[in-house]
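Report on the structure
Listed here are the chains, written in short residue letters.
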Amino acid sequence: MKSADSRTSWLAALAIGVGVQSVWAQGNDTLVPLTFQPLPLGAIKPSGWLQDQLALSANGLAGHEHDFYNYVAHSTWLGGTEEYSDLREGFPYWFNGLVPLAYSLDDSRLLDQVHSAADYVLGAQQDDGWLGPETGTERNFWGRMPFFLGLMNMADADEAYTEKIVDALWKFSGLMNGMLRDNYTGYHYHDGDQVSQGDEQWGRVRVQDMLITLQWLYTEHSDGHNGTQLLENMDMLIKGSLNWADWYNPTTYIKQDLNTVADDITDANFPYEHGVNVGQGLKALAVFRRYAHNDSLVGTTKNAVDWTFQYHGGASGAILADERLAGLAPYYGSETCTIVETMYSLSYLYQALGDASYADRCEKTAFNALPVQLTPDWWARQYVSQPNQPYAENLTETPFWNVNSWGQSYGLEVDYPCCTVNHPQGYPKFAAAMYVKSGDSGIAHALLGPGSVTVGDDTVDCTTTYPFGDILEYNINSKSGFDFYVRVPGWADTSKTTVTVGSTSSNVDIDAHTGLHKISIPSGPTKVTYNIGNPGIVLENRANDTVAVHYGALVFALAIPSANSSTQPKAYNNGGNDYLPDGYAPAQSRDYQYHNTSSWNYAIDPDTLVVHGTDFTGALPNPLFAPGANPLSMTAKGCEISWGYYHGVPDTPPTGNARKCIGDVVDVRLEPLGGAKLHLVDLPTLTLT
Ligand SMILES: *[C@@H]1O[C@H](CO)[C@@H](O)[C@H](O)[C@H]1NC(C)=O
Ligand SMILES: *[C@@H]1O[C@H](CO)[C@@H](O)[C@H](O)[C@H]1NC(C)=O
Ligand SMILES: *[C@@H]1O[C@H](CO)[C@@H](O)[C@H](O)[C@H]1NC(C)=O
Ligand SMILES: *[C@@H]1O[C@H](CO)[C@@H](O)[C@H](O)[C@H]1NC(C)=O
Ligand SMILES: *[C@@H]1O[C@H](CO)[C@@H](O)[C@H](O)[C@H]1NC(C)=O
Ligand SMILES: *[C@@H]1O[C@H](CO)[C@@H](O)[C@H](O)[C@H]1NC(C)=O
Ligand SMILES: *[C@@H]1O[C@H](CO)[C@@H](O)[C@H](O)[C@H]1NC(C)=O
Ligand SMILES: *[C@@H]1O[C@H](CO)[C@@H](O)[C@H](O)[C@H]1NC(C)=O
């Protein structure tokens, strides 16, 4: 922790170094604590269906990029020559995802990969402290941000790495201080003769991802180091940033479909509209607040999240942004990178602010939006997915702002490589945030799912098929007893939600802010059964007289029967018209199109929806997120309607009298979205009985 006199020196340093009194600093050198402390990476071990997904990813594309994928295996960070952009972010993104994947699974092959990568980069730290391959005016902070998050997690997970990582980051911090004092060098780097502009200033709009590591370094590892310098870095980074508080402001924020707004207005705010930035930036103001001690940022953060989903969100918890925020039309795309960043931001926000709505949203995105964007075997991913996507093919035209004709097919690097290197962080970070510390000795099951945690002498092991089932069974062992908490989802019917300890059942008594119910665990072994009252089917009204079908934390979509075809992987550039060289990728890496094998243009009668399969027993199938694989399904009455096209994909469905059956009333099938690669989520309704 910090020494008492550093505050004075820090304020003095600000006066000298930056020349202006900080607008953010409140003269308090203690960071605002997180509501819940995260547990060190590795303390939580996923099991059940979640472990299956991590293992598929480890044995799939994520776990093989280090062997062959140019932007990892031959990255300039590892002494190679390959980058997909001068941001040099490919390797950092990969590292950020592979560290939690490797440690959560204890996978020795992946551990070797992340160790050798960390050893190389730390070993190549430049004399002045810079980490990474850049020299001179090419130095841009951004690429460091995901890499440092990976280092932070590795330092927590592995004592063999803690000291060298902490030392390397402190050395970097000294250099960063000088760079920031020198007119914010590192924020506006030079690309050739050009000072970076616009989307090359990603560091300024993504700076929260740097601050998280600096804040961790400050609270956990500042003994014997100059904490004042770190505070000063945080101050300058925030001052020089593109500040999300300026965007999440009622007079600036664009609530309309951006494709209907004049270019000069959208262009002025582009960094705040870029989908991945939005996903990452949802947490920004909560991160800033830890330093700024500014509680108005709590409300601004709530607006940030609520407005994003209200005006630019899909029912699945995806942010609709096909490179730039769009609107609510069901043909817009959500980017895989944006999904995983959204999950990480929402899990961070629950830890930082304790507001249960962030955990509910995080689960929604994790259980629905993420898995539909990957093939069942985790060897291929989409660039964007659409709420209504009855085929995933090379489109003749696209409805997207800036995504090419292959963008919603599945492949190695369709459209752009960022999602290839960034998708691996999704479930590993979710798994690592499932449990948190509450207070000094409490443990909370914050994000629900199967897995165990060990904290000191206490272990909690949860067996569950949640969110596909509603019962969570815990085997708990404690040396001296502790307070255990379970989060009760916002959608739960609390009158039917019970907790059974030993043979005593009781209803839950929920903290209104955190959604947590407390259970006192005695010393010794304890069995707890947590039964979440499922209210059944819940309809969400969507645009133009459509509904999305929710069931607990799941979204059910009309499942369009499909067949797939595949080719060897295509290069992302040149419009996806060139194949990558033979032998470049392992044989399992294929580019897939999914073709509808029936008509898709159905309206349904929501009053006829029936859920099937809730009585399934035993383990969930593996792979789980494949068409037809999930034991849960729904049926409803439906009929074909005439439904037009918009730029090569289904338009918004007709409304009013234009919506009528053009065929017989038949039974249609809905499935949990994750497996239904071809699907309609925003469903037009008709009364058919
Ligand atoms: C708190 O943050 C808001 C939003 O950025 C800003 O308008 C306000 O000036 C800040 N207050 C202080 C005391 O820093
Ligand atoms: C400084 O901030 C910490 C954390 O929010 C708080 O507990 C403490 O009271 C603050 N100190 C002062 C002097 O305001
Ligand atoms: C600081 O950097 C910006 C962006 O490169 C430049 O426009 C400005 O002139 C610089 N200011 C000084 C004092 O060097
Ligand atoms: C610590 O950092 C501050 C801020 O950069 C600086 O003013 C001070 O001289 C440093 N202290 C030491 C002992 O290096
Ligand atoms: C609703 O339908 C109208 C008319 O087709 C269309 O212009 C509008 O974009 C649709 N809105 C959404 C959010 O899909
Ligand atoms: C993919 O679609 C684009 C645009 O519609 C077209 O130009 C291209 O020839 C198609 N490629 C293949 C292999 O069909
Ligand atoms: C493609 O279809 C075949 C045959 O149904 C199936 O075995 C395979 O798993 C599918 N591949 C993907 C990536 O969905
Ligand atoms: C699949 O969808 C396309 C586009 O709407 C349609 O033309 C085609 O008939 C559908 N395929 C089948 C087998 O129904």
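Residues numbered from 1 in each chain as written. Chains lettered and ligands numbered in written order. Predicted model: local features only at pLDDT ≥ 70, side-chain atom pairs only at ≥ 80, totals over all residues. Heavy atoms only, no water.

A few points about the overall build of the protein
- Along the backbone of the protein there are 21 helices and 31 strands.
- Over its C-alpha atoms the protein spans a radius of gyration of 25 Å, differing by no more than 12% from the 26 Å that the globule rule assigns to 689 residues.
- Summarising the internal contacts of the protein: among those between residues at least 6 apart in sequence, 74% fall at separations of at least 24.
- Accessible area for the protein stands at about 23600 Å²; split by element, carbon and sulfur atoms hold 47% of it.
- One way to put it: in the protein the 37 positive side-chain charges average out to a point 4 Å from where the 76 negative ones average out. (Helix = DSSP H or I, 4+ residues; strand = E, 2+ residues; numbered from the N terminus. Rg over C-alpha atoms; globule rule 2.2 N^0.38 Å. Contact = heavy atoms within 4.5 Å. Areas by Shrake-Rupley, 256 points an atom, 1.4 Å probe, with all protein chains shown as cover. Lys, Arg positive; Asp, Glu negative; His and termini not counted. Charge placed at Lys NZ, Arg CZ, Asp CG, Glu CD.)

A closer look at the packing of helix H6 (residues 108–123) against helix H8 (residues 159–181)
- Between H6 and H8, the shortest axis-to-axis distance is 11 Å and the interhelical angle comes to 35 degrees. Relative to H8, H6 is oriented so that their crossing is left-handed. Mapping the contact onto sequence places His115, Ala118, Asp119 and Leu122 in H6 and Tyr161, Lys164, Ile165 and Ala168 in H8.
- Broken down by class, the residue content of the contact of H6 with H8 amounts to five nonpolar, one polar and two charged. (Axes fitted to C-alpha atoms, helices over the stretch in contact; angles between N-to-C directions. Left-handed = near helix turned anticlockwise from the far one by under 90°. Nonpolar A, V, L, I, M, F, W, Y, C, P; charged D, E, K, R; others polar.)

Focus: the pattern of salt bridges
- Enumeration according to the criterion identifies 25 salt bridges in this entry.
- The salt bridge partner of Glu89 is Arg206, with a shortest N-O separation of 3.9 Å. Placement of Glu89 in the loop between helix H4 (70–73) and helix H5 (90–105) and of Arg206 in the loop between helix H9 (202–205) and helix H10 (208–220) is noted, with a sequence separation of 117 residues between them. Judged on exposure class, the residue Glu89 and its partner Arg206 are both buried.
- The partner of Asp235 in a salt bridge is Lys239, with the nearest N and O atoms 3.6 Å apart. Taken together, the residues span about one helical turn, with Asp235 and Lys239 both in helix H11 (residues 227–239) at a distance of four residues.
- Relative accessible area serves as the criterion here: at 0%, Asp235 is assigned to the buried category.
- Three or more residues joined by partner-sharing salt bridges are found here, namely Arg88, Glu134, Glu138 and Arg144. (Salt bridge = Lys/Arg side-chain N within 4 Å of Asp/Glu carboxyl O. Buried < 20%, exposed > 50% of the residue type's maximum accessible area, 1.4 Å probe, protein only.)

Remarks on the sheet that holds strand E1 (residues 37–38)
- Judged by pairing direction, the sheet is mixed, and its five strands sit side by side in the order E1-E10-E11-E15-E18 without closing on themselves. Edge positions in the sheet fall to E1 and strand E18 (516–521), since each has one partner strand and no second.
- Pairing between strand E15 (residues 482–487) and E18: six bridges, direction antiparallel. Bridging across to E18, Phe484 finds its partner in Ile519. (Pairing = 2+ DSSP bridges.)

Regarding the side chain of Asp605
- Among the structural elements, Asp605 can be located in strand E25 (residues 602–612).
- Buried and without a salt bridge, Asp605 has Lys637 as its closest oppositely charged side chain, separated by 9.6 Å.
- Engagement of the side chain of Asp605 in a polar contact is seen with the backbone nitrogen of Leu688, the distance being 2.8 Å. (Polar contact = N/O pair within 3.5 Å; in protein donor to acceptor, adjacent residues only side chain to side chain.)

What to know about empty space enclosed by the protein
- Counted under the stated rule, the structure contains seven cavities of 30 Å³ or more.
- Each pocket or cavity is described by its volume, and for the largest cavity that value is around 100 Å³.
- Forming the boundary of the largest cavity are 15 residues, of which Ser316, Ala318, Gln386, Pro387 and Leu673 lie nearest the centre. (1 Å grid on protein atoms, 1.4 Å probe; cavity = no way out; pocket = protein on both sides within 12 Å on 5 of 7 lines; lining within 4 Å. Points joined across faces, edges and corners; volume = space filled by probe spheres on them.)

A few points about the domain arrangement of the protein
- In terms of domains, the protein is made up of domain 1 (87–240), domain 2 (435–464 + 471–531) and domain 3 (537–684).
- On a C-alpha basis, the centres of domain 1 and domain 3 stand 40 Å from each other. (Domains from an automatic or database assignment.)

Quick look at the site of ligand 5
- Close contacts around ligand 5 come from Leu328, Ala329, Pro330, Ala543, Asn544 and Thr652, and that covers them all.
- Side-chain polar atom of Thr652 to an oxygen atom of ligand 5: 3.4 Å apart, as the coordinates give it.
- Relative to its unbound accessible surface of 360 Å², ligand 5 loses 49% to contact with the protein. (Near = heavy atom within 4 Å.)

Topic: the pairing of strand E17 (residues 504–507)
- Two elements, strand E16 (residues 498–501) and E17, share four bridges in a ladder whose sense is antiparallel. Bridge pairing in E17 links Thr498 to Asn507.
- Two successive antiparallel strands, E16 and E17, enclose a turn made up of two residues, where Gly502 displays a positive phi of approximately 60 degrees.

A word on the sheet that holds E17
- One open sheet holds the seven strands; their spatial order is E2-E12-E13-E14-E19-E16-E17, and the pairing between them is antiparallel. Two strands bound the open sheet, and with one partner strand each, they are strand E2 (44–46) and E17. Strand-to-strand twist in this sheet, taken as the mean axis angle between neighbours without regard to direction, amounts to 15 degrees.
- Relative to strand E19 (residues 524–531), strand E14 (residues 471–478) runs antiparallel, the two sharing eight bridges. Paired with Ile476 across the two strands is Thr526, which belongs to E19.

Some points on the layout of surface pockets
- Considered as a void within the structure, the largest pocket measures approximately 780 Å³ in volume.
- The wall of the largest pocket is formed by 27 residues, among which Leu34, Gln37, Pro38, Asp156 and Trp216 lie closest to the centre.
- If you list the elements that add at least two residues to the lining of the largest pocket, you get E1, helix H7 (144–157), H10, helix H18 (336–353) and helix H21 (426–432).
- Of the residues forming the lining of the largest pocket, the biggest block, five residues, is contributed by H10.
- Split into classes, the residues belonging to the lining of the largest pocket amount to 16 nonpolar, seven polar and four charged.

Brief notes about the nonpolar core
- One finds Phe95, Phe141, Tyr427, Tyr435, Tyr474 and Phe484 to be the most contacted residues of the largest nonpolar core, which totals 223 residues.
- Leaving out residues up to four positions away in the same chain, Phe95 has contacts with Pro100, Val114, Ala117, Ala118, Phe147, Gly150, Leu151 and Met154.
- Residues Val372, Ala548, Leu673 and Val681 belong to the second largest nonpolar core, which totals seven residues. (Core = buried A, V, L, I, M, F, W, Y, C linked by side-chain atoms within 4.5 Å.)

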